[in-house]
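Breakdown of the fold
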Amino acid sequence: MVAPLDTPMVCPVLVGRAPQLDALARALEGLQHGDGRAVLIAGEAGVGKSRLVREAQRQAQEAGVRTLLGQCFEPDRSLPFAPIVDLLRTFCTSNPPGTVAEQLRPIGSALLALVPDLTTWLPDVEPPPPLDPEQERRRVFTAIVQFIARLAGQQPLLIAFEDLHWSDDTSLEFLPLLARSTAHQPIGLLLTYRSDEVSPKLAHTLAELERARLAVEMPLAPLDGSEVGTMLQAIFGIERPPRSEFRNAISNLTGGNPFFIEEVLRSLVTQGDLYVQGGAWSEKALSALRIPRSVRDAVQRRQEELSRPAVRVLEIASVIGQRFDFDLLPRLASLDDATTLGCVKELVAAQLVVEQSAEQFAFRHALTRQAVYGALLARERMTLHRQVAEAIEAANTDASEASLQDLAYHYYEGGVWQKALDYSRQVGERALRLHSPRAAVEHLSRALESAAHLPSNPQPALHRARGGAREALGEWDAALEDYQAALAMAKDAGNQHATWEALLDLGMLWAGRDYDRTEDFYDQALALAHTLGDQALIAHSLNRVGNWHVNIEESLVAVRYHEEALAIFEQALDEAGVAATLDFLGMASYLSGDLIKGTDNYRRAATLLRAVDDRAGLCSSLAALTLRGATPQTSSMVMPAGTLAECIHDGEEALAIAREIEQRSGETFALSMMGLALVGTGEYGRAQTCVEEARRIAEEIGHRQWITCATCGLGSIALDMLDATAAREHLEAALALANDIKSGHWRHFAAGALASACIAAHDLERARGVLQGLDDFESPAATLGLRLVWCARIELALAEQNPEEALRLLAQMGLATPNLGAFPRRAPRMSMLRADALAALGRLDEAHEELTAAREITAEQGARPLLWRIDLARGRAYATQDRPDDAERAFALAQTTVLALADEIPDAAQREAFLTRAGALLPRGLLARPRRSTPQTVGGLTAREREVAVLVAQGRSNREIAAQLYVGERTVETHVSNILAKLGVENRAQIAVWATTHNLG
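Keep in mind it's a predicted model, so treat the numbers as computed, not measured.

Below, the discussion takes up the overall build of the protein. The secondary structure content of the protein amounts to 47 helices and 10 strands. Burial analysis of the protein (1001 residues in total) assigns 54% to the buried set. Considering only contacts in the protein between residues 6 or more positions apart, those separated by 24 or more positions represent 65%.

Structure representation (structure tokens):
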């Protein structure tokens, strides 16, 4: 359904201007105390200067401040006092006649020459005696200042003069005088201008204001990618950000300019390229976008001032691209170098292009280039593209990698299909090697379209390659379409090897959604590999079938498949195959409960994957290695060497790799695993941020397995923070998802954690129902997921006051614990459960031994959430043994850890709720002592704000801070805005000084 032509495409909120709004709010507050100041708001056309002024005016009016507005317009450059006249007329038309007469009567005669229609409001006013021009100007200056001062004497006043780049010289001379007269009065000035259109007179005025320190400048930059996403989300009225590729396309096309964004969206709507379908916004390809009239007309006006040769050079440059080398222009324009250089200087003076180096120039804005390009006839464009491609090819006889992309693009646009196919394939394959899936999709799509123009030319390999790139980007439906096309073409051509590849690709794709479909494709691939008798294909197929068994929680079966594959690859001396198989074996070992063997496999895999430069595989292995520590998934298992801090380090490297190679599924897996490791250390704020981001990405790419994983993670965080209600909500949803995708591992993870949450909430009936609803809940605890179920069964037995049953279950669970003899220390969670059972039976000395052993390994791991629970149990045991001093020490240790954990919770309500629930478990009144119930504040900053302040002091950008803290850039911007407001400073440099002064670094 096409949206109506009048569908609003104006952003209903101001995006990306929080620091500026905070600064203006502080200025307004000072204004009400008589501290007037002038603020210069500078930026390119469309960047949002007027929107910021409107928001400042709205806030001023809400605060009881009177507002006045005077605007400059392009035709008014030669009209003296044009913005003042506009201000006076606006004042007259927006106020009652009595108010106008009262305010203007004392100076009306002096202003009559400026605004002759003042007689409408002041019918009895008489013109003053004539003066010479200089005296007349001073009389007007004085009258205006008196008028403004009179208004400010009644209530604070905010005056905005907009678009000073179009102002007349007389008004520009007046501004410094006005700024001086308002400096110590409740009068604020907002002055806006285009930073790229500063006339000499305006430059002089700005310099005078700066020299006299009469104004502060507030530059407005274009929006970054995250802010563009927020703007699109607000315009469309959608709960989740739009797809990243649509956001990036709009951001790149408009350069983050808010006005251009709105204009482009409006153009897309009116052209039917952006439309409502099924109640949601959808869009066609943006490659053929017609430029909005407002932008096109602006460029056309500038072109009209150019010489004909300069216009021709501009048109050729627009075909070459956003950036263009000078050397190509003389040849293509049939001009000598000197004439071409003169033309380029014309283009620079007209602010259509900018010089980037002695050899390279660029269009000032992407829309500028597209406006020029769009004005060419289609045949002109095709001819020029062919000529550009031939010129590049002639100048680069070796077809260097740098020129391949240009050749692919220009031959494609020029309709030279065979060369377009050849070059596009090369560039696409290179992008895949460089782990740049987005670029690969673009070039492989051009290759496939070029192939479609040639005689019968099926391209299964191209479809398969593009499908892989789309899968990496999370474009599930598009990847499925490519893989199915590859399979059909391979079968039609009788190409059995390509058929095998497509079957394996389809099985891997379906693994994120439906394991039944996965099994079918993997079985077909394995059967075909055996038919072909190709040992390498057999080994790869065995690994995929084995991984399917892992995901349905048949880990021991999976190990057999992987070991058979490993033997084949080792015999063939295939290092890449060995590395991939070790990665599969690592997960099979982990999920079968053997952390020691799994860690060994993953470490060996990581070493080999680094050697063969398989970054996608390395990302997977490093992310999985985070499971070797005491996370919510693994604390019921025997621990290998390695702390949670080391696990988190591996997770951080995995996340960096996933983002570098743009692998969305790898990014969400790494985020989820890091989140679980961070829960293990009690870093709740970071953990929640990681897992929420993981779920957001998983939902965006439609990867249901990772949605389930992240939802389980959120439930684990809530459960660890003692919020049983939120934990149950997340885990109920996770269990439903796990059942839907038929994942045995995630079904047991969600069910075990959900039963524990129900027990914590004293809902034993629901806990029993969850556990008994599992067909295999009494099966041996031979897998990671089933161990969580068994832990919940033991907790339920203890809650039902049946410690003997708890000990029986623990004994059975121990029988299924791998490597117990090689690593005799018990898993912390098992020791805690055993201690609870022993204490309930009065066997306190044995309980104490269990807790002492558990505390040792927990402290080694850095698992603070487990640590305070162990100390709490120790304190209770000591109290029962009538050892008050030992009990008090243990309780004090628990209290200290609880307070430290509370500092990791950025949300104040969540923090206080955690302290309240933890306090209910500790002896009465313990947490009521003076404590750090909120983060230790310096300057009123939270722990996370102090962390951001330190990074600001180190010179990090918002993007760099976001990457280091694993949060969005928008979140960092909010933190920076809060810091500015709390410290009462105006810029990042002052934050840096403050952080250094307080020794925060």
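Moving on from the model shown.
Here we have three strands laid out as an open sheet, ordered E8-E10-E9, and antiparallel in their pairing. Where the open sheet ends on each side, the last strands, each with one partner, are strand E8 (323–325) and strand E9 (353–355). This sheet shows a mean twist of 30° between the axes of neighbouring strands, independent of strand direction. As paired elements, E8 and strand E10 (residues 360–363) share three bridges and run antiparallel to each other. Each bridged residue has a counterpart across the sheet, and for phenylalanine 324 the counterpart in E10 is phenylalanine 361.

Right, let's talk about the nonpolar core for a bit. Ranked by internal contacts, the top residues of the largest apolar core, which has 129 residues, are Trp500, Met587, Phe669, Met673, Trp746, Trp868 and Phe914. The leading source of residues in this core is helix H35 (residues 744–760), at 10 residues. Aside from chain neighbours lying at most four places away, what touches phenylalanine 669 is Met587, Ser620, Ala623, Ala624 and Trp706. If you look at the next biggest cluster of nonpolar residues, it comprises 51 residues, including Cys72, Val140, Tyr193 and Leu206.

This brings us to the packing of aromatic side chains. For the structure shown, the criterion picks out 12 aromatic pairs. Here the aromatic rings of phenylalanine 324 and phenylalanine 361 are separated by 6.3 Å at their centres, their planes lie at 20°, and the arrangement is stacked. Taken together, the residues span a long stretch of sequence, with phenylalanine 324 in strand E8 and phenylalanine 361 in strand E10 at a distance of 37 residues. Residue phenylalanine 324 shares its accessibility class with phenylalanine 361, and that shared class is buried. Residues tryptophan 476 and tryptophan 510 carry aromatic rings whose centres are separated by 4.8 Å and whose planes lie at 80° to one another, so their mutual orientation is edge-to-face.

The contact between helix H7 (residues 169–182) and helix H8 (residues 200–211) brings their axes to 9 Å, and the two run at 5°. Considered as vectors, H7 and H8 are oriented roughly parallel to each other. Taking contact as the criterion, the partners of Asp169, Leu172, Glu173, Leu175, Pro176, Ala179 and Arg180 in H7 are, on H8, Lys201, Leu202, Thr205, Glu208 and Leu209. Split into classes, the residues belonging to the contact of H7 with H8 amount to six nonpolar, one polar and five charged.

A few words now on the confidence of the model for the protein. Detailed reading of the predicted coordinates is not advisable wherever pLDDT is low. Overall, the predicted model of the protein reaches an average pLDDT of 84, with 89% of residues at or above 70. Here strand E7 (residues 280–283) is the element of the protein with the lowest mean pLDDT, 59, and helix H13 (residues 308–320) is the one with the highest, 94. This model gives residues 1–6 a pLDDT under 50, and the stretch forms 11 contacts once residues within four places in sequence are excluded. A low-confidence stretch, residues 928–937 stays under pLDDT 50, and its non-local contacts, those more than four residues away or across chains, total 22 contacts.

Mapped onto the fold, glutamine 185 is located in the loop between H7 and strand E4 (187–194). Distance in space between the C-alpha atoms of glutamine 185 and glycine 153 is 8.6 Å, their sequence separation being 32 residues. Once residues lying within four places of it in the same chain are set aside, the contact partners of glutamine 185 are Leu31, Gly34, Asp35, Gly36 and Ala149.

The next thing to look at is the packing of helix H9 (residues 225–236) against helix H10 (residues 244–254). Interaxial distance between H9 and H10 falls to 9 Å at its minimum, and their mutual angle equals 110°. It follows from the interaxial angle that H9 and H10 lie roughly perpendicular. Where H9 approaches H10, its residues Gly225, Val228, Gly229, Leu232 and Phe236 are matched on the opposing element by Phe246, Arg247, Ile250 and Ser251. Looking at side-chain class alone, the contact of H9 with H10 contains five nonpolar, three polar and one charged residues.

To continue, consider the side chain of arginine 446. In this fold, arginine 446 is placed in helix H20 (residues 437–452). Once residues lying within four places of it in the same chain are set aside, the contact partners of arginine 446 are Tyr409, Tyr412 and Ser424.

Attention now moves to the pairing of strand E3 (residues 157–162). Counting buried positions over the six residues of E3 gives six, a clear majority of the element. Residues Leu157, Ile159 and Phe161 line one face of E3 and the alternating positions Leu158, Ala160 and Glu162 line the opposite face, and both faces are buried. Where strand E2 (residues 66–71) and E3 come together, six bridges link them in parallel fashion. Bridge assignment links leucine 68 to a residue of E3, and that residue is isoleucine 159. Here E3 pairs with E4 via five bridges, running parallel. Bridge pairing in E4 links phenylalanine 161 to leucine 191. Crossover connection from E3 via H7 to parallel E4: handedness right-handed.

On to the sheet that holds E2. What links the strands of a sheet is backbone hydrogen bonding, and the strands pair in either a parallel or an antiparallel sense. With parallel pairing, the five strands of this open sheet are ordered in space as E2-E3-E4-E1-E5. Looking at strand neighbours, the two that pair on one side only are E2 and strand E5 (215–219), the edges of this open sheet. On average, each strand axis in the sheet is tilted by 20° relative to the strand beside it, whichever way the strands run. Pairing between strand E1 (residues 38–43) and E5: five bridges, direction parallel. Paired with alanine 42 across the two strands is proline 219, which belongs to E5. Against the sheet, helix H2 (residues 49–62) engages E1, E2, E3, E4 and E5, with an angle of about 165° to E3.

A few words now on the pattern of salt bridges. Scanning the model with the defined rule gives 41 salt bridges in all. Linking glutamate 62 and arginine 58 is a salt bridge whose minimum nitrogen-to-oxygen distance equals 2.5 Å. Highlighted residues: glutamate 62 and arginine 58, both in helix H2, separated by four residues, approximately one helical turn. You can call arginine 58 partly exposed: its relative accessible area is 36%. Because the salt bridges share partners, they merge into one network encompassing Arg659, Arg664, Glu667, Glu693, Arg696 and Glu700.

Every α-helix winds through 3.6 residues per turn, so residues three or four apart in the chain are directed the same way. An ideal rise of 1.5 Å per residue puts 24 Å on 17 residues; helix H28 (residues 595–611) measures up with 24 Å between its terminal C-alpha atoms. Listed as buried for H28 are Leu595, Gly598, Thr599, Asn601, Tyr602, Ala605, Ala606, Leu608 and Leu609. Note on H28: the residue one or two positions beyond its end, aspartate 613, has a positive phi of about 60°.

Position of valine 679 relative to the elements: it lies in helix H31 (residues 664–681). Among the residues examined, valine 679 registers a relative accessible area of 1% and is labelled buried. In this structure, the C-alpha to C-alpha distance between valine 679 and serine 716, residues 37 residues apart in sequence, is 7.9 Å. Setting aside anything within four residues of it in sequence, one finds valine 679 in contact with Pro632, Tyr684, Ala687, Ser716, Ile717, Asp720 and Pro865.

Together, Asp325, Asp327, Asp336, Asp337, Glu359 and Asp406 line one region of the surface with negative charge. If you trace the backbone, aspartate 327 turns up in the loop between E8 and helix H14 (328–333).

Quick look at the side chain of threonine 192 now. With respect to the element layout, threonine 192 can be found in strand E4. A polar side-chain atom of threonine 192 sits 2.9 Å from the main-chain amide nitrogen of aspartate 163. Not counting the four nearest positions on each side in its chain, threonine 192 is found in contact with Ile41, Lys49, Val53, Phe161, Glu162, Asp163 and Leu164.

Rules of the game
- Residues numbered from 1 in each chain as written.
- Predicted model: local features only at pLDDT ≥ 70, side-chain atom pairs only at ≥ 80, totals over all residues.
- Heavy atoms only, no water.
- Helix = DSSP H or I, 4+ residues; strand = E, 2+ residues; numbered from the N terminus.
- Buried < 20%, exposed > 50% of the residue type's maximum accessible area, 1.4 Å probe, protein only.
- Contact = heavy atoms within 4.5 Å.
- Pairing = 2+ DSSP bridges.
- Axes fitted to C-alpha atoms, helices over the stretch in contact; angles between N-to-C directions.
- Core = buried A, V, L, I, M, F, W, Y, C linked by side-chain atoms within 4.5 Å.
- Phe/Tyr/Trp six-rings, centres within 6.5 Å; stacked < 30°, edge-to-face > 60°.
- Parallel < 35°, antiparallel > 145°, perpendicular 65-115°, else oblique.
- Nonpolar A, V, L, I, M, F, W, Y, C, P; charged D, E, K, R; others polar.
- pLDDT = per-residue confidence, 0-100.
- Right-handed = clockwise from strand over helix to strand, strands pointing away.
- Salt bridge = Lys/Arg side-chain N within 4 Å of Asp/Glu carboxyl O.
- Expected span 1.5 Å × (residues − 1).
- Patch = residues over 30% accessible without salt bridge, like charges linked within 9 Å, V, L, I, M, F, W, Y side chains within 5 Å.
- Areas by Shrake-Rupley, 256 points an atom, 1.4 Å probe, with all protein chains shown as cover.
- Lys, Arg positive; Asp, Glu negative; His and termini not counted.
- Charge placed at Lys NZ, Arg CZ, Asp CG, Glu CD.
- Polar contact = N/O pair within 3.5 Å; in protein donor to acceptor, adjacent residues only side chain to side chain.

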